[in-house]
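Take a look at the letters that make up each chain.
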Amino acid sequence: MKPLETGKNIYNVGVRDWNIRDFHGYSVYQGTTYNAFLIIDEKVALIDTVKSEFADQLLDNIAKIIDPKKIDYVISNHTEMDHSGSLPRIMHKIGEDKPLYCSKMGCKNLSLHFSQKWNYKAVENGEELSLGKRTLAFLETRMLHWPDSMFSYLKEDKILFSSDAFGQHYAGSESFDDEIGAAIMPHARKYFANILLPMAPLILKLLEKVNELGLEIDTICPDHGIVWRKDPAKIINAYLDWSSQEPQKKAVVIYDTMWHSTQAMAEAIAAGIGEEGVSAKPIHIRSSHRSEIMTEVMDAKGIIVGSPTINNGLFPTVSDFLTYMKGLKPKNKIGAAFGSYGWSGESVKLINRELEAMKFKIIDPGLKIQFVPDKESLAACIEFGKKIGKSIIE
Ligand SMILES: Cc1cc2nc3c(=O)[nH]c(=O)nc-3n(C[C@H](O)[C@H](O)[C@H](O)COP(=O)(O)O)c2cc1C
Ligand SMILES: [Fe+2]
Ligand SMILES: [Fe+2]
């Protein structure tokens, strides 16, 4: 990608990863970008790098603007390798002794990734670095989403370099929010649901702090996806909304099935919920990527999970999804379990145990049906759905 001027003498020298489809288990059907930002002032600073396999492209992009050797400072906002992977090449090229600024945890975590003894400069929260006419201020954002994460804020230009926050996994021809418009929001939302949801309480606190500090933000430059230059408030407000985890009157019925019995139950339960005027969608786990399912879970009040019993246990994809969902710590949910079984029928009990561990409000002991549901059993599923629907609108 041609280096793009994201501000006066500020360039995105990152790369587009068009072909990636799986990003550590997150489906990225439209690729992603690794953004890295070059600020040219009396001193030249590079904020973050790109995945190691794109190091040459990063260096080429920098070279289109300035001789990479002229970089004075490297700033690492986040240790994860999609942003640090090219550090060895960059440091080697510009000079191993050039200062590398990061948070205290950044220094520790970078040194656990790379054996080189770089000239680490650990910055305190609020510490500033003058680039000449302009100043970078560092804001620690510990656990958002790694212990090393920080933001860098270019004071004079009011630009927030936000690392993974406010990002989206999307590679397209557009580079800015005004170029893509509302079409970027589903990507931002999916990113939040799958990466930032566990940190929702921290995000609320951070946004409060940003508000208290009176930090004016004209532009947000995240490390993935488009830059927010027209309406940064749009993504900040969306984060406030998503972090509050205020559920919608909506249910998702997530299931897997071997011989379609649990599927028939799922569809009847969803229909029953719908009869109460609550939108409900059956989602077959093996037909939908887990990261797509989580995006639906994020704003749903009712999370209904179904599994047949297999070998005295849960169907493995259901366990997989429950493990994934548990890690993302969704809050304020109503839960219920169901499933078809042949003889011992442990699945419902096992799902309930997981939903309880997630602190979902369990509104019914759960619905078990032996082998293939008949008319009566399907009517029971509809009733079960209606009970769920009622407790969602309560
Ligand atoms: C390999 C296999 C193992 C099973 N193990 C159990 C079991 O341990 N306990 C049980 O109650 N049913 C067991 N069943 C029966 C299924 O739970 C039953 O066929 C159910 O109706 C399947 O629902 P489905 O059509 O949604 O897949 C097993 C079925 C298969 C194929
Ligand atoms: Fe990350
Ligand atoms: Fe990232």
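All of the points below concern the structure found in this document. (Residues numbered from 1 in each chain as written. Chains lettered and ligands numbered in written order. Predicted model: local features only at pLDDT ≥ 70, side-chain atom pairs only at ≥ 80, totals over all residues. Heavy atoms only, no water.)

Locating Trp242 in the fold gives a position in helix α8 (residues 232–244). Beyond its immediate chain neighbours, meaning those up to four positions away, Trp242 contacts Met185, Ala188, Arg189, Phe192, Ile235 and Met298. (Helix = DSSP H or I, 4+ residues; strand = E, 2+ residues; numbered from the N terminus. Contact = heavy atoms within 4.5 Å.)

For the iron ion (ligand 2), the full set of protein donor atoms is His78 (NE2), Glu80 (OE), His145 (NE2) and Asp164 (OD), at a range of 1.9 to 2.2 Å. Positions of the donor residues of the iron ion (ligand 2), expressed as sequence spacing, correspond to H-x1-E-x64-H-x18-D. For the pair the iron ion (ligand 2) and the iron ion (ligand 3), the metal-to-metal distance amounts to 3.5 Å, and Asp164 bridges them. Remark: Asp164 occurs in the loop between β15 (159–163) and α5 (177–180) and His78 occurs in the loop between β9 (73–75) and α2 (81–84); sequence separation between them is 86 residues. For His78, a relative accessible area of 0% gives the class buried. (Donors = N, O, S within 2.8 Å, 3.2 Å for Na, K, Ca; no water. Buried < 20%, exposed > 50% of the residue type's maximum accessible area, 1.4 Å probe, protein only.)

In this section: the coordination of the iron ion (ligand 3). The protein atoms donating to the iron ion (ligand 3) are Asp82 (OD), His83 (NE2), Asp164 (OD) and His224 (NE2), with metal-donor distances spanning 2.1 to 2.2 Å. Coordination at the iron ion (ligand 3) is irregular, judged from the four donor atoms that bind it and the angles of 84 to 170° they form at the metal. (Tetrahedral: all angles 85-135°; square planar, octahedral: opposite > 155°, others 65-115°.)

Another point: empty space enclosed by the protein. All told, the structure shown has four cavities of 30 Å³ or more when counted by the stated rule. In this structure, the largest cavity spans a volume of roughly 80 Å³. For the largest cavity, the lining is made up of 14 residues, of which Arg16, Thr33, Glu174, Ser175 and Gly225 are closest to its centre. Class assignment for the residues of the lining of the largest cavity results in six nonpolar, six polar and two charged. (1 Å grid on protein atoms, 1.4 Å probe; cavity = no way out; pocket = protein on both sides within 12 Å on 5 of 7 lines; lining within 4 Å. Points joined across faces, edges and corners; volume = space filled by probe spheres on them. Nonpolar A, V, L, I, M, F, W, Y, C, P; charged D, E, K, R; others polar.)

Here the focus is the sheet that holds strand β16 (residues 219–222). What the five strands build is an open sheet, ordered β12-β13-β14-β15-β16; its pairing is mixed. Pairing within the sheet leaves two strands with one partner each, and these edge strands are β12 (128–130) and β16. Strand-to-strand twist across the sheet, computed as the mean angle between neighbouring axes with direction ignored, equals 20°. Where β15 and β16 come together, four bridges link them in parallel fashion. Along β16, the bridge assignment pairs Ser163 with Pro222. (Pairing = 2+ DSSP bridges. Axes fitted to C-alpha atoms, helices over the stretch in contact; angles between N-to-C directions.)

Let us now look at the site of ligand 1. Of all residues adjacent to ligand 1, which total 18 residues, the nearest are Thr257, Met258, Thr262, Asn312 and Ser340. Within the contact set of ligand 1, an oxygen atom lies 2.9 Å away from a backbone nitrogen or oxygen of Trp259. Backbone polar atom of Thr309 to an oxygen atom of ligand 1: 2.7 Å apart, as the coordinates give it. In a pocket analysis with a 2 Å cut-off to the grid points, ligand 1 is assigned to the largest pocket. (Near = heavy atom within 4 Å. Polar contact = N/O pair within 3.5 Å; in protein donor to acceptor, adjacent residues only side chain to side chain. Sits in = over half its atoms within 2 Å of the grid points.)

Turning our attention to the packing of aromatic side chains. Going through the model one piece at a time under the given rule, you end up with 12 aromatic pairs. Pairing Phe151 with Phe166 gives two aromatic rings, centres 6.5 Å apart and planes at 40°, and the pair type is tilted. Taken as a pair, Phe151 in strand β14 (residues 150–154) and Phe166 in the loop between β15 and α5 lie far apart in primary sequence, 15 residues in all. For the pair Phe151 and Phe166, a shared accessibility class is recorded, and that class is buried. Consider the rings of Phe166 and Tyr239, whose centres lie 4.6 Å apart with planes at 45°: the pair is tilted. Pair noted here: Phe166 is in the loop between β15 and α5 and Tyr239 is in helix α8, with a separation of 73 residues, a long-range link. Each member of the pair Phe166 and Tyr239 is classed as buried. Taken together, Phe151, Phe166, Phe192, Tyr239 and Trp242 form an aromatic cluster joined through their ring pairs. Directly above the aromatic system of Phe176 lies the positively charged group of Arg229, at a separation of 3.6 Å from the ring centroid. It is Arg290 that lies over the ring of Tyr324; its NZ or CZ is 5.4 Å from the centre. (Phe/Tyr/Trp six-rings, centres within 6.5 Å; stacked < 30°, edge-to-face > 60°. Lys NZ or Arg CZ within 6 Å of the ring centre and 35° of its normal.)

So, about the side chain of Ser163. By secondary structure assignment, the location of Ser163 is in strand β15. With a relative accessible area of 2%, Ser163 lands in the buried category. Dropping the residues within four chain positions of it, Ser163 is found in contact with Asn77, His78, Met150, Cys221, Pro222 and Asp223.

Once that is clear, we can look at the environment of Tyr324. Summarising the element assignment, Tyr324 is placed in helix α11 (residues 316–327). Through-space distance from the C-alpha of Tyr324 to that of Arg290 is 7.9 Å; in sequence the pair is 34 residues apart. If sequence neighbours within four positions are ignored, Tyr324 has contacts with Asn194, Arg290, Ser291 and Met294.

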